[in-house]
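# Commentary on secondary and tertiary structure
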Amino acid sequence: MTNWRAIFGHDSPYDPQVDGIETAIDTGREGGYTVIEGACGTGKTMIALTAGIDLVRDPDTDYERVLVLTSVKQQLRQFEADLETINANLPADWEPISGLTLVGKADVCPYNREGAAGIDDGNVYDRCETLRDRTRDLTGEGGETTAANLAARARSQQIGLADSGSRATSTFLETAGEPTSYPPELPEYGEGGPVGAETEYCPFYAQYLEDLPDDEDGAAAEAIPYDFTDAGMVTPEDLVARSVRHGTCPHSVMGAALGEAEVVIGNYYHAFDPRTVGTFTGALLDDSTFVVCDEAHMLEPRVRDLVSEGVADTTLRDAETELSRVIQPLKFEREGRQAEGGSKTADADLVRGELNESDVSFEELNRTLEFVRDLRAELDRRVTAYLDRNYRGWQSNLTDLNDEEIPLRDPAEPAEDELSEWASEAGYGDADWVRAESVSAVVARILNEAEDEDRTRAAPAVGRVLGEWYRQGHTDYFREIELERTWDDTEPADSWRRAYNAHLALHNCVPSDAIGDRLGMFGGGVLMSATLEPMDAFTEVTGLQYLAREDDRPVVERRYGLHFPAENRESFAVAAPKFTYDNRGRPGDDNPTRRSYANAIAKVARLPGNVLVGMPSYAEAEWAADVLEGRVDKPILRDAASDDETTQSLKADFFAGEGKVLVTSLRGTLTEGVDYSGDRLAAAVVCGVPIVNTSSPRTKAVRRAYDDAFGDGFTYALTIPAVRKARQAIGRVIRSPDDVGVRVLLDERYARESWDSVRPYLPDDGEFQPVSPDMLDVGLERFRSRLSSQ
């Protein structure tokens, strides 16, 4: 048994940290989970890391690593920083704790990072796989050369450039502050072959292959170009620098290091996305891993998205083309014809050979092509019929169309979807749905072999979705057609495809089984957030109650409130009229509810310093910003649904200079995971309970599925997540012992007990005082007076 205090990164832990660490260790020893709701400043990251590392370093447990999962980049950086703090304060005779942060290929590929060799974010994954395949083909069994020779040839090309004395371009590819051994352009291998027959390859991957042990049973860790025993926390930038310094592939090194690090930091994809787990992180998903789910209030919606499926109309179109291209050589051969452009005999041989080596027949290729073609025609028919019903004369007014959902069953009544019924009536049976996945995989393999390029093909995505469409049930999953606004000038002027991209969507409604099954694979762990209450609902929707009940694994709950000076904050729940659509009407309406909110928002916005106003939607945020213009003597910043660069620029403007008011949607990105510490935020006001649009077919289906699973779908699926959104926004104000500010929840559902009150879902700590709208002024003035007298 280790002494966790030797691991803890600071001199003296808070009392909640002592309790949290010891609870997590004790629970982890028994194979259980600790669920922590801890206010900002609790030190949750240090609690989780200390407990997990203690268990990993304890020789009496089977834990080998801590896997940290977080949905917020800022929190990922916090875990990295806390591990560095731990390592900086370990006893002198301890080896550093090894850590590794997982990111995608785009973040670590040297060529992509520097925009070299024609590789960019749009093609890096396909190009990487193609170059790896070519490098393996050149060096594998029966290959023309060795990995060592390929790496050496690339180095000699670079040296040749240097010797030429050229100053036009850098002779080295440089990244992460390190010069590599290779030129900026991809090298080619063509020993003795004709001009133009050279093969591009990746020298970084060639070096990685060279570093792998010759013995097939040898550990890939031998290819890691640094010593794990003293590396400590290796961030993505560190990983790239260490790898390219040795001339090897950073992403391959990441994969090799995955099983060696004591702390692995990633996001929810790395544990819950089926494809990421299947191709990259699957080895971590066993009982030797202590998992930490940070920002766990997001676990349910994120996993719901990850285990949902969908395929676009354009992908169906491309899959149809790919199937045709594979079928055509054999079809023409059987008909005694030649395809345009000359003989396709070689292609026919390739297709025939691949089919012979698989369990897919030529007849199945044709059947799948017919199915995809007919499916796309049925999609076209349904979209056209929907638009005819809902947008009279839409062909002449394509710019007036909105995003839409076309449900394929009554969302409130689980039943077989209409597309499955259509397929059955059209003569397509179980085998057509299920076999599409195998057929599509063969199609992709044939095309990649024919073109000597490992591209991402459309057919496998279509096959996967068709298989899942058939396999999944009709209560836990909801099927619909989604119409997303776009613009494509290549489509006919009167076609809906000019204005829309349509998706066949298979939505998971209740992810509790997916979450619980995955958590059941780990040895134990911690799930934590500042906003998990009510705990019983959280443990139920995440499958933890099932683990406790059926697998007899302990689930222990802990709640830690704000422990910063109470005199530095004021918190109000204002009994303004309910900010529901029935009460407020449309933005721009003039009624008592809107006037009450306009007055209350303005009172808070006039407080000195920066003020954050959170509204239920972007449309309501626009209304609030319009209301504040002229009423408040401060700049009013308006957030809108936009790209990350625009959002970051807006945030920077908010933080710079004198006080401002930032108005945003509570469903945007500025109310969670953003650091407003210090004087960045003096007050926050949340207007209404940000329940999602209840008229959406998908929302209705989720509510019905939660009714069946948990008994109260509206509360579990809509109300509780909405209150957590509000609490996240309010939690931006007080982030440290020195922070001073005001927090206001504006809606009588926060303030009073009633049939639809959400007050039971707020922490039971007496922080949010119920006040009338008239008394809000008094409370704000009292707070101002108290501050001025300090």
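The present account deals with the structure reproduced in this document. (Residues numbered from 1 in each chain as written. Predicted model: local features only at pLDDT ≥ 70, side-chain atom pairs only at ≥ 80, totals over all residues. Heavy atoms only, no water.)

### Here's the deal with the state of the cysteines
Enumeration over the complete set of coordinates arrives at zero disulfides. There is no disulfide at Cys202, and the cysteine sulfur nearest it, in Cys249, is 5.9 Å away. Given the relative accessible area of 12%, Cys202 is considered buried. Judged by relative accessible area, which is 9%, Cys249 ranks as buried. (Disulfide = S-S within 2.5 Å. Buried < 20%, exposed > 50% of the residue type's maximum accessible area, 1.4 Å probe, protein only.)

### Describing the sheet that holds strand β17 (residues 569-574)
Across the sheet, which stays open at both edges, the seven strands sit in the order β19-β20-β18-β21-β22-β17-β23 with parallel pairing between neighbours. In this open sheet, the two strands that pair with only one neighbour each are β19 (636-638) and β23 (769-771). Along the sheet, successive strands turn relative to each other by an average axial angle of 20°, direction set aside. One ladder, built from five bridges, connects strand β21 (residues 683-687) with strand β22 (residues 741-746); its direction is parallel. Bridge pairing in β22 places Ala684 opposite Arg743. Against the sheet, helix α26 (residues 618-628) engages β18 (611-615), β19 and β20 (661-665), with an angle of about 160° to β20. (Pairing = 2+ DSSP bridges. Helix = DSSP H or I, 4+ residues; strand = E, 2+ residues; numbered from the N terminus. Axes fitted to C-alpha atoms, helices over the stretch in contact; angles between N-to-C directions. Contact = heavy atoms within 4.5 Å.)

### A word on the sheet that holds strand β14 (residues 500-508)
Taken together, four strands build an open sheet; the order of strands is β11-β14-β13-β12 and the sheet is antiparallel. The strands lining the two open edges of the sheet, one partner per strand, are β11 (309-312) and β12 (404-407). Neighbour-to-neighbour, the strand axes of this sheet turn through a mean angle of 25°, independent of strand direction. Of the pairings in the sheet, the one linking β12 to strand β13 (residues 477-485) comprises four bridges and is antiparallel in character. Directly across from Glu405, in β13, lies its bridge partner Glu482.

### Overview of the environment of Val674
Assignment of secondary structure puts Val674 in the loop between β20 and β21. For Val674 and His503, which are 171 residues apart along the polypeptide, the C-alpha to C-alpha distance reads 32 Å. When neighbours within four sequence positions are excluded, Val674 is seen to be in contact with Gln74, Lys651, Phe655, Thr669 and Arg732.

### Structural notes on the packing of aromatic side chains
Across all of its chains, the model carries 17 aromatic pairs by this definition. Ring centres of Tyr63 and Phe290 lie 5.6 Å apart, and the angle between their planes is 85°; this geometry places the pair in the edge-to-face category. Here Phe290 lies in strand β10 (residues 289-293) and Tyr63 lies in the loop between α3 (44-57) and β2 (65-69), a separation of 227 residues in the sequence. Owing to a relative accessible area of 8%, Tyr63 belongs among the buried residues under this scheme. Look at Phe290 and you get buried, because its relative accessible area is 0%. Geometrically, the ring pair formed by Phe371 and Tyr428 is stacked, given 4.6 Å between the ring centres and 25° between the ring planes. (Phe/Tyr/Trp six-rings, centres within 6.5 Å; stacked < 30°, edge-to-face > 60°.)

### Some points on the nonpolar core
Note that soluble globular proteins tend to have their nonpolar side chains buried in a common cluster. Ranked by internal contacts, the top residues of the largest apolar core, which has 74 residues, are Tyr111, Tyr226, Phe272, Leu519 and Leu527. Looking at this core, the element that brings in the most residues is helix α9 (residues 203-211), giving five residues. Core analysis: the second largest hydrophobic core is formed by 53 residues, Ile406, Trp422, Tyr428 and Trp496 among them. (Core = buried A, V, L, I, M, F, W, Y, C linked by side-chain atoms within 4.5 Å.)

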